[in-house]
Amino acid sequence: MKRNLLFTFASVLTLVVGFISCTNDEFDECFPVPATTRSVTEAADSTMTLEEVQARLDEIGKKYGVAVKISTDEDLSTVNEEYFARVEDFLSNGISANTDKSTNNIQQAAFMNDNCIDEVAVASSSLAQILLEDGAMYSGKFLADGTLSCLVVWAVTSSPRTYYVTAEPCIKDGTSAAEITYFSHFEGNDSNPRFSYSGVYYEYFSDEYPIPDMDKNNDGIIDKEYLCQCGDIHFYGYKTESTPEYCF
């Protein structure tokens, strides 16, 4: 009886020693975890939901007055921090590159001479052109419905496929600005899509002269921090295949 107890104790001790000798590095070999469980866990940790991606894009877009959407059927496994940085860089470069220092004298003259208006429009660089040069697959510009003072600009980029809709004043004289607040997902051909949109057009009205400098970055558009001093007009519209494209 005593011999049997000693044998049992020795067996248990051997088993305990076996457990202890199995280090963290060797644990998977001692007690392998099914591969399917690990891959599912890793995928859950690395992939964002469509709602999470769109929330990040909304946050970035608000900084530039641009509405941004990712394609609903995009493979979200390709979305990472580099993607969001690329979107912001795309918008930042497009907006900041829309500066033409040479328009200052023309802009000042335009307040007193209506004949200069066409010169101002020509002198102002086109955001749509910048977007196309900056890597957009397709882009275009058209007059917004409801106001002849505002242009709507759209663009499509790839990898992942992302859609942009923004707005800008037709005449960039530092007294107006425009923002797109919403647009529907693009339908039809990306080179000439259909979509609805809404936005706000801001304009500064005053008898004061000279007009206060509310365009500190000199891009011809009132800076966002001064928009509260402006009158605002909400506009809505729909782009179709037959919407006339505004000439660059």
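Now for a quick tour of the structure. Numbers given for residues are sequential positions, taken from 1 along each chain in its written order. Selection of residues for local features in this predicted model requires a pLDDT of at least 70, selection of side-chain atom pairs for listing and counting requires 80 or more, and totals for whole chains, interfaces and linings are taken over all residues. With hydrogens and water set aside, each side-chain value is computed from the structure's full complement of heavy atoms.

### As for the pattern of salt bridges
Side chains that differ in sign of charge can pair as their charged atoms come close. To be explicit about the condition: Salt-bridge detection follows one rule: a side-chain nitrogen of Lys or Arg within 4 Å of a carboxyl oxygen of Asp or Glu. Throughout this description, buried means an accessible area under 20% of the type-specific maximum (1.4 Å probe, protein chains only), exposed means over 50%, and partly exposed covers the range between.
Throughout the structure, instances matching the rule amount to 9 salt bridges. A salt bridge links D213 to K216; the shortest N-O distance between them is 3.9 Å. Judged by its relative accessible area of 52%, K216 is exposed. Through salt bridges with shared partners, a single ionic network connects K141, E168 and K172.

### Observations regarding the pairing of strand β1 (residues 67-70)
Regular strands place side chains that alternate from one sheet face to the opposite one. Let me state the cut-off plainly: Runs of E in the DSSP output that reach at least two residues are strands. Runs of H or I that reach at least four are helices, and both are numbered from the N terminus. Here a strand pair is declared whenever DSSP counts at least two bridges between the two strands.
Going residue by residue along β1, you find A67 and K69 tucked away on one face and V68 and I70 tucked away on the opposite face as well. Of the pairings in the sheet, the one linking β1 to strand β4 (residues 162-169) comprises 4 bridges and is antiparallel in character. Considered in β4, the bridge of I70 is made with T162.

### Describing the environment of F235
Position of F235 among the secondary structure elements: in strand β7 (residues 231-239). Residue classification places F235 among the buried residues on the basis of a relative accessible area of 3%. Along the primary structure F235 and C150 are separated by 85 residues, whereas in three dimensions their C-alpha atoms are 9.6 Å apart.

### Focus: the packing of aromatic side chains
Rule in force here: For Phe, Tyr and Trp, rings pair up if their centres lie within 6.5 Å, where Trp contributes its six-membered ring, and each pair is then called stacked (planes under 30 degrees apart), edge-to-face (over 60) or tilted (otherwise).
For the structure on display, the rule yields 11 aromatic pairs. Ring geometry for F186 and F195: centres 4.6 Å apart, planes at 5 degrees, overall stacked. Given a relative accessible area of 11%, F186 falls into the buried group. You can call F195 buried: its relative accessible area is 0%. An aromatic cluster is defined as three or more aromatic residues linked by ring pairs; in this entry it consists of F142, W154, Y163, F183, F186, F195, Y197 and F235.

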